[in-house]
Amino acid sequence: MKSNLPRSSAPTLVAAALIVVAALAASTRLLSGAPPATRPAAPAATIPSAPVSAHVDASVKPFLDTYCIECHGPKKQKGDRRFDQLTLPPASADAMNELQDMVDQLNLGEMPPKKAKQPPQADVHKVIASLTRAVADSRTRFNNTAAHTVLRRLNRREYLNTISDLFAMNLSMFDPTQAFPRDQIVEHMDNVGDTLKTSGYLLEQYLQAADRIVDKAFNAQRPKEQTWTFHDNFQQQPELQYSHGRVFDFRYMNLYEARGSEKPEGAYGPIRAFSAGVPADGYYEIKVKAEALNRHHPYDPAMFGMDPSEPFRLGIVPGDEKIGVLHLSQPVEPELAPQVTIADNVPEWKTFKVWLDAGYTPRFIFPNGMIDARKSWLRIIGKYRDLLPESARNTRGIVQARSTVLTYGKMPQIRIHEIQNRGPLYDTQTPTRQQLILGNNPFYPSRAREILANFANRAYRRPARPDEVQRLMAVYEMRVKDHKPPLEALKDTLKVALCSPAFLYLTEPKSTPPSETSAKLSAYELASRLSYFLWSTMPD
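Fair warning: this is a prediction, and the values are worked out from it, not measured in the lab.

Colleague: Please provide a residue-by-residue account of the packing of aromatic side chains, values included.
Modeller: The tally for this structure, following the rule as stated, stands at 15 aromatic pairs. Their ring planes at 90 degrees and their centres at 5.3 Å tell us that Phe 180 and Tyr 206 sit as a pair that is edge-to-face. Residue Phe 180 is located in the loop between helix 5 (156–167) and helix 6 (200–218), and its partner Tyr 206 is located in helix 6; the two are separated by 26 residues in the primary sequence. Each of the two residues, Phe 180 as well as Tyr 206, counts as buried. Look at Tyr 283 and Trp 355: their rings are 5.1 Å apart centre to centre, the planes differ by 85 degrees, and that puts the pair in the edge-to-face class. With a gap of 72 residues between them, Tyr 283 in strand 5 (residues 282–293) and Trp 355 in strand 8 (residues 348–356) connect regions that are remote in the sequence. Given the relative accessible area of 35%, Tyr 283 is considered partly exposed. On the basis of relative accessibility, which here comes to 14%, the residue Trp 355 falls in the buried class. By the ring-pair criterion, three or more aromatic residues cluster together here, those being Tyr 159, Phe 180, Tyr 206 and Phe 503. The ring centre of Phe 174 lies 5.0 Å from the NZ or CZ of Lys 216, which sits over that ring. Positioned over the ring face of Tyr 283 is Lys 353, at 5.3 Å from the centre of the ring.

Below, the structure written as structure tokens:
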């Protein structure tokens, strides 16, 4: 099993304890020479039989005959409802839903209609109770898998974790599942097999995701390490340009507020001269020389929504100018490293080690900054005008207010003096994405079968069968015949493997002969179940 720290999706300690107990019990059986644990075989799925019932029980049929059949019978079917053929318990999920609709109409008092003959309330309550019991029993029956094992696909979380491990791919900024439909949640769990539906739309998304994943895996380059240094000309967002140019001559990058304001000013600190982002996926060391200013000030703390006793914190998120402007929120902006505290009034160096995808640039944030900087400029001028020099007390408008407050006021802020970015940094002990696919040797067409077999072994989480490898080879050979370059043909075949049921589903044991009563989990199947239960990802 995995030896690294659990992912955030790992089970609770209680669940972990249960699986440890189960594993210990299994170990005891193996050490004692007892046969491995077995479970019931999975015969063809059938809906459990309905309990024996009258065509319509005595409490319901007279009610329907008297108050409902005239509008919902053989002559009329208002609302496309016909109750003279109603059976209890319902024979299908559709019939159950129609029964639930009937209960809802009775509960709301909508049926029978006001102009029709009205039943006594005691009869209505009796029928509602009878139909409600029938609906509840039916829901249990239709949701029951009758102890049959349900073929379960990977949910979205497991899919992402598996892709990350299969390709050694950092997914903090790359999400190939953005268009996937949301997994059904049952009892607060997203891994219940019979609710994880597979639709035509989802299959299409699997194809598109495989395209993006394999292309990204083969586009991973390792350019030489570089260092970028920025210590002046810190251009900020348009609203702050005038005041920062006039007061600071753009010598500093200034952060004023936390993310989330309706009209943010100084919530994000992008490096404008580095807006094109890093040249390649990888880890980067980012050093920042920064200080906290005006944590303690003469103003009412409630005006800023900040706690003066709490040191200012600096964080870092990614930004991509192709997605949107860098001084505003973007759809993908996880915090890339733990936040650091900034010392008051003394510039100090702080170091972050972060992962950045190619084209992304680092942006600095002030997580415990003020709530709304835009309003604060004018509040300081309006409420604390007497604290300003007399020459500045006639300030009017927000444009002048920013310059006046930055010159004479005490606006809380993080001031960044210099930024150094070094990378990409490489760990020579960790294989690259292409090495995980191709091995340590270059790709040659003669190696196609070997590469595909090795990849299938990992992707399918068990040794791939010869017929499975042959099917992949048939796709590869067909693409080559279609005049695709061999490497492109290989990439297309890897995409096929990522759309295979062997990858997308947890493998079930083969059915046993009728004379046997159980189907054994293989070592690989057991390893997959333990790994996906504990780590939500593939076994190592």
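Colleague: Talk me through the nonpolar core; I want residue IDs and the actual numbers.
Modeller: One recurring pattern in soluble globular proteins: nonpolar side chains tend to sit buried together. Counting 54 residues, the largest nonpolar core has Leu 314, Phe 352, Phe 364, Trp 377, Ile 414, Ile 416 and Ile 419 as its most contacted members. Ranked by residues supplied to this core, first place goes to strand 5 with 5 residues. In this structure, Phe 352 is in contact with Tyr 284, Glu 285, Ile 286, Val 288, Leu 314, Ile 316, Ala 337, Pro 338 and Val 340, ignoring residues within four places of it in sequence. In terms of nonpolar packing, the next biggest core, distinct from the first, is built from 44 residues, Ala 217, Tyr 460, Ala 489 and Leu 498 among them.

Colleague: How would you explain empty space enclosed by the protein if you had to name every residue and give the values?
Modeller: Scanning all chains against the criterion turns up 2 cavities of 30 Å³ or more. Forming the walls of the largest cavity are Arg 153, Leu 154, Asn 155, Arg 156, Tyr 159, Phe 180, Pro 181, Asp 183, Leu 202 and Tyr 206. Looking at the lining of the largest cavity, the elements that each hand over two or more residues are helix 5 and helix 6. When the residues that make up the lining of the largest cavity are grouped by side-chain class, the tally is 6 nonpolar, 1 polar and 3 charged. Considered as a void within the structure, the second largest cavity measures approximately 40 Å³ in volume. Arg 295, His 297, Met 306, Asp 307, Pro 308, Phe 312 and Pro 412 together form the lining of the second largest cavity. Taken together, the residues of the lining of the second largest cavity sort by class into 4 nonpolar, 1 polar and 2 charged.

What counts and how
- Residues numbered from 1 in each chain as written.
- Predicted model: local features only at pLDDT ≥ 70, side-chain atom pairs only at ≥ 80, totals over all residues.
- Heavy atoms only, no water.
- Phe/Tyr/Trp six-rings, centres within 6.5 Å; stacked < 30°, edge-to-face > 60°.
- Helix = DSSP H or I, 4+ residues; strand = E, 2+ residues; numbered from the N terminus.
- Buried < 20%, exposed > 50% of the residue type's maximum accessible area, 1.4 Å probe, protein only.
- Lys NZ or Arg CZ within 6 Å of the ring centre and 35° of its normal.
- Core = buried A, V, L, I, M, F, W, Y, C linked by side-chain atoms within 4.5 Å.
- Contact = heavy atoms within 4.5 Å.
- 1 Å grid on protein atoms, 1.4 Å probe; cavity = no way out; pocket = protein on both sides within 12 Å on 5 of 7 lines; lining within 4 Å.
- Points joined across faces, edges and corners; volume = space filled by probe spheres on them.
- Nonpolar A, V, L, I, M, F, W, Y, C, P; charged D, E, K, R; others polar.

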